[in-house]
Amino acid sequence: MPEAPSDPVAERFRRIAARPVVLDVRALGMSFRGAGGKTVQALHDVSFQVRRREFLTVVGASGCGKSTLVRILAGLAHHTAGEVLLDGRPVTGPGPDRGMVFQGYTLFPWLTVVRNVMFGLEMGDMGRDQARSEALLWLDLVGLASKAEAWPHQLSGGQRQRVAIARALAARPRILLMDEPFGALDPQTRATLQEHLLQIWQQVDVTVVFITHDIDEAVWLADRVLVLQPPDQDHPGGWLAEAVEVPLPVPRTRAMHDLPAYRAVRERIERLIRPPRPPAAERLPVFKMTAAGDEVL
Amino acid sequence: MVRSAWRVGGDPPARLSGVLWLGAFLLPLAAWCALSYLPWLWHPQVLIAEPGDSSFSAGMRIERAAFAAAVAEAARQGQRPPQGGRVNPVFLPAPHEVARALWTGFTTPPLRRGDPWLHQSLGHSITVIAWGFLISALVGVPLGVLCGSVPALSRLVEPFVDFIRYMPAPAFGALCVAVLGINDAPKVAIIVVGTFFQMVLVVANTTRQLDRGLVEAAQTLGASDKRLLTRVIVPGILPNLYTDMRILLGWAWTYLIVAELIGASSGISWYINQQGKYRAYDNVFAGIILIGLIGLVTDLVLGWIGRFLFPWSGQQVSRASALAFAAVTLPLRLPWLLLRLARRYDPKAARPQEPDHA
Ligand SMILES: Nc1ncnc2c1ncn2[C@@H]1O[C@H](COP(=O)(O)OP(=O)(O)OP(=O)(O)O)[C@@H](O)[C@H]1O
Ligand SMILES: [Mg+2]
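Procedures and definitions
Residues numbered from 1 in each chain as written. Chains lettered and ligands numbered in written order. Predicted model: local features only at pLDDT ≥ 70, side-chain atom pairs only at ≥ 80, totals over all residues. Heavy atoms only, no water. 1 Å grid on protein atoms, 1.4 Å probe; cavity = no way out; pocket = protein on both sides within 12 Å on 5 of 7 lines; lining within 4 Å. Points joined across faces, edges and corners; volume = space filled by probe spheres on them. Helix = DSSP H or I, 4+ residues; strand = E, 2+ residues; numbered from the N terminus. Nonpolar A, V, L, I, M, F, W, Y, C, P; charged D, E, K, R; others polar. Contact = heavy atoms within 4.5 Å. Buried area = accessible area lost by both parts, 1.4 Å probe. Salt bridge = Lys/Arg side-chain N within 4 Å of Asp/Glu carboxyl O. pLDDT = per-residue confidence, 0-100. Buried < 20%, exposed > 50% of the residue type's maximum accessible area, 1.4 Å probe, protein only. Polar contact = N/O pair within 3.5 Å; in protein donor to acceptor, adjacent residues only side chain to side chain. Core = buried A, V, L, I, M, F, W, Y, C linked by side-chain atoms within 4.5 Å. Domains from an automatic or database assignment. Pairing = 2+ DSSP bridges.

Looking now at empty space enclosed by the protein. Residue and element names in this part refer to chain A. Inspection of the entire model under this criterion finds one cavity of 30 Å³ or more. In this structure, the largest cavity spans a volume of roughly 40 Å³. If you list the elements that add at least two residues to the lining of the largest cavity, you get helix H5 (157–170) and helix H6 (187–203). In terms of residue class, the lining of the largest cavity is built from eight nonpolar, no polar and no charged.

Here we take up the interface of chain B and chain A. Every contact between the two is made by 28 residues of chain B and, on the other side, 35 residues of chain A. Here chain B packs against chain A, burying approximately 2,700 Å² in sum over the two surfaces, 64% of which is carbon and sulfur. The three residues of chain B that bury the most area against chain A are Thr220, Leu221 and Trp312 of chain B, which together make up 27% of that side's buried surface. Remark: the boundary between chain B and chain A carries three salt bridges.

What follows covers the confidence of the model for chain A. When pLDDT is averaged across chain A, the result is 91; 97% of the residues are at 70 or more. Element-level pLDDT for chain A is lowest in helix H1 (residues 8–18) of chain A, with a mean of 91, against a maximum mean of 97 in strand E8 (residues 207–211) of chain A.

Looking now at the side chain of threonine 220 of chain B. Residues and elements named next belong to chain B. The residue threonine 220 is located in helix H9 (residues 212–220) in this model. Assessed through its relative accessible area of 1%, threonine 220 is described here as buried. Looking at threonine 220, its side chain comes within polar contact range of the main-chain oxygen of alanine 217, at 2.8 Å.

Applying the stated rule across the entire model yields 27 salt bridges over all chains. Between glutamate 270 of chain A and arginine 274 of chain A there is a salt bridge, with the nearest N and O atoms lying 3.0 Å from each other. In this structure, arginine 208 of chain B engages glutamate 158 of chain B in a salt bridge whose closest nitrogen and oxygen atoms are separated by 3.2 Å. Linking arginine 208 of chain B in helix H8 (residues 184–208) with glutamate 158 of chain B in helix H6 (residues 151–165), this pair joins segments that are 50 residues apart in sequence.

Let us look at the environment of phenylalanine 32 of chain A. Residue and element names in this part refer to chain A. As for its placement among the helices and strands, phenylalanine 32 is situated in strand E1 (residues 21–33). Residue classification places phenylalanine 32 among the partly exposed positions, given a relative accessible area of 39%. In the structure, phenylalanine 32 is positioned 18 residues away from valine 50 in sequence and 26 Å away in space, judged by C-alpha atoms. Sequence-distant contacts of phenylalanine 32, that is, excluding residues within four places in its chain, are made with Lys38, Thr39, Val40, Ala42 and Thr68.

Here we come to the nonpolar core. Judged by nonpolar contacts, the single largest core of 65 residues is most densely connected at Phe108 and Phe119 of chain A together with Val141, Met199, Met245 and Ile268 of chain B. Every element with two or more residues in this core is listed here: helix H3 (113–123) of chain A together with helix H5 (118–149), H6, H8, H9, helix H10 (225–259), helix H11 (267–277) and helix H12 (281–309) of chain B. Looking at this core, the element that brings in the most residues is H10 of chain B, giving 14 residues. Ranked by size, the runner-up nonpolar core spans 55 residues in total, among them Ala164, Trp201, Val225 and Ile273 of chain A.

Turning our attention to the domain arrangement of chain A. Residues and elements named next belong to chain A. Entries for chain A in the domain assignment read domain 1 (1–97 + 173–273) and domain 2 (109–172). Of note, the centres of domain 1 and domain 2, computed from C-alpha atoms alone, are 26 Å apart. The interface is formed by 16 residues belonging to domain 1 together with 13 residues belonging to domain 2. Across the domain 1-domain 2 interface, the total number found is two residue pairs in polar contact (both at pLDDT 80 or more). For the side of domain 1 that touches domain 2, the elements supplying multiple residues, two or more each, are strand E7 (175–179) and H6. Tallying contributions element by element places H6 first for the side of domain 1 that touches domain 2, with six residues. For the side of domain 1 that touches domain 2, a count of residues per class yields 12 nonpolar, three polar and one charged.

Residues and elements named next belong to chain A. Bridge analysis of E1 against strand E2 (residues 39–51) gives nine bridges, and the strand direction is antiparallel. Residue pairing for E2: arginine 33 is matched across the bridge by threonine 39. Hairpin connection between E1 and E2: a loop of five residues separates the two successive antiparallel strands, and glycine 36 in this loop has a positive phi of roughly 70°. Relative to strand E4 (residues 81–86), E1 runs antiparallel, the two being bridged by five bridges. Counted as the bridge partner of arginine 26 is glutamate 83 from E4.

Okay, here's the thing in structure tokens:
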């Protein structure tokens, strides 16, 4: 049964599918050489493609290789198998074509906010004055133009991450990599920044790969969610279990959390990451913390 | 409040901190005063004022037991007993004597003609330290930063540096004199040998402690290795580097004592030795205290300057301090300020191009 051409979600996915591939990850594998010559395989046979201006999120349990994956994409770590192609050219090291926002705060503390945003522009050999006026535009985009002359230590955690986003975008990367950028923030700030990020993405022609362990965050932000799984009997390293398309219209609103389509996707991912376990059959013994005679039933 | 200040990790209020700072100096001084001015505390000797019929002579210092024995002996023989008062040994002068020596050290000419005055000795020492430390830092800091940033270089350089570090600097004394003659060159060389190798290791370590996230962030923004060094690593470690230098400067003074004993004698430690030979222990103390004072004042001044050098580290600076600093450094900053003003009136800089931002 052909879908109605007026369905905006299906239409959107058709448009994305017609766009060129920006990032092509082929059979990627990565092993760490650990202590005593033992190797730890972090990733096993991971393949996916990201198309131009797509918003891709990667979820998975802790330790399944999400950070390793994004560090390889950024060129900060080297894969041991497969290949990573950006616009058809293999990735060999870090470069300004892949911007990165880290979980920790990585603003340069010795530079004011605007100088931080200017950093990438100056690395691209842009003159001071031009870099400055351009940096101010980016700060305006993340709503922090008023903090241009502040020091990073004078900003809140959420503001720092917004500046970090502006700094990464100012270098005009082809792709923006984000490794749990809102992981250290409280839920309210986090929600605000999620909305803010989508708003920025609407205004800027950039492809996003966003790592998170929060399923809600992954589904709400993304066009497509990659689910990474930890190693098991069949897979020696973290592996790609599924790529789930999120059938929600853009721009997203908070109210979409209640749509059946949202909940269906969310549940499916939840079941992949945390398969339901039968409840424990018997009551476990309770470890006593108090003196005898002080028990509760 | 007072209790929590003395707990592990306690936070003494600013007022108390000031009092503690003063106490750090006043307590030892009080102990010294007590030892010097309370005659029943210690004072193990007797200064003979009047020998009587004993074999002592006026001005001798006698152990108290021997003096008591002589007094008892005189009483038994019906002779005039020796008289005197309890004193400390000659090597522990009283605070006021040392204070006087500090004053007279600068105002009286040296005992032998041709010997340097105290301030000349002091000036000489400071010159030697300054040259030694400067040469050390000019090579040691860049090498340390490079070792801390480039692991391969660290593997190549640091084992040998570590090896030499364990050789005591004084061991190089004879060698330095043989190679560099007997004037100031071997003294400067001893300071360099004493501080350079430590400096390379300390700076390399400080460099390695820079947050890797900052370096990686810069790499993803397109920074080349050269720019990583000049724009990220060096500014990033600057506050810690500054502290390292303050500590290493203290070590330089330790090696000075050795340096001034080789070749032609000179400088403050030579002065101290010379006064020791004359048994002028008040002057000896004065010399030692002078070294301490110079070190303390240098460190306080450097610490004070440090608070202004790194405004981004979030240290609180009082308004009065900030004004004082601005006034003191105005001559240094004037050319820079003028340059900035000139740039502002540059017609090209005044109208930046509109970026073609999407
Ligand atoms: N430098 C390293 N040396 C050895 N093993 C490593 C190293 N870094 C990561 N690993 C291992 O690789 C695996 C994946 O780590 P990674 O940091 O990518 O996980 P993650 O999915 O980002 O986890 P989290 O959600 O907790 O951040 C883990 O088993 C980890 O122990
Ligand atoms: Mg991680």
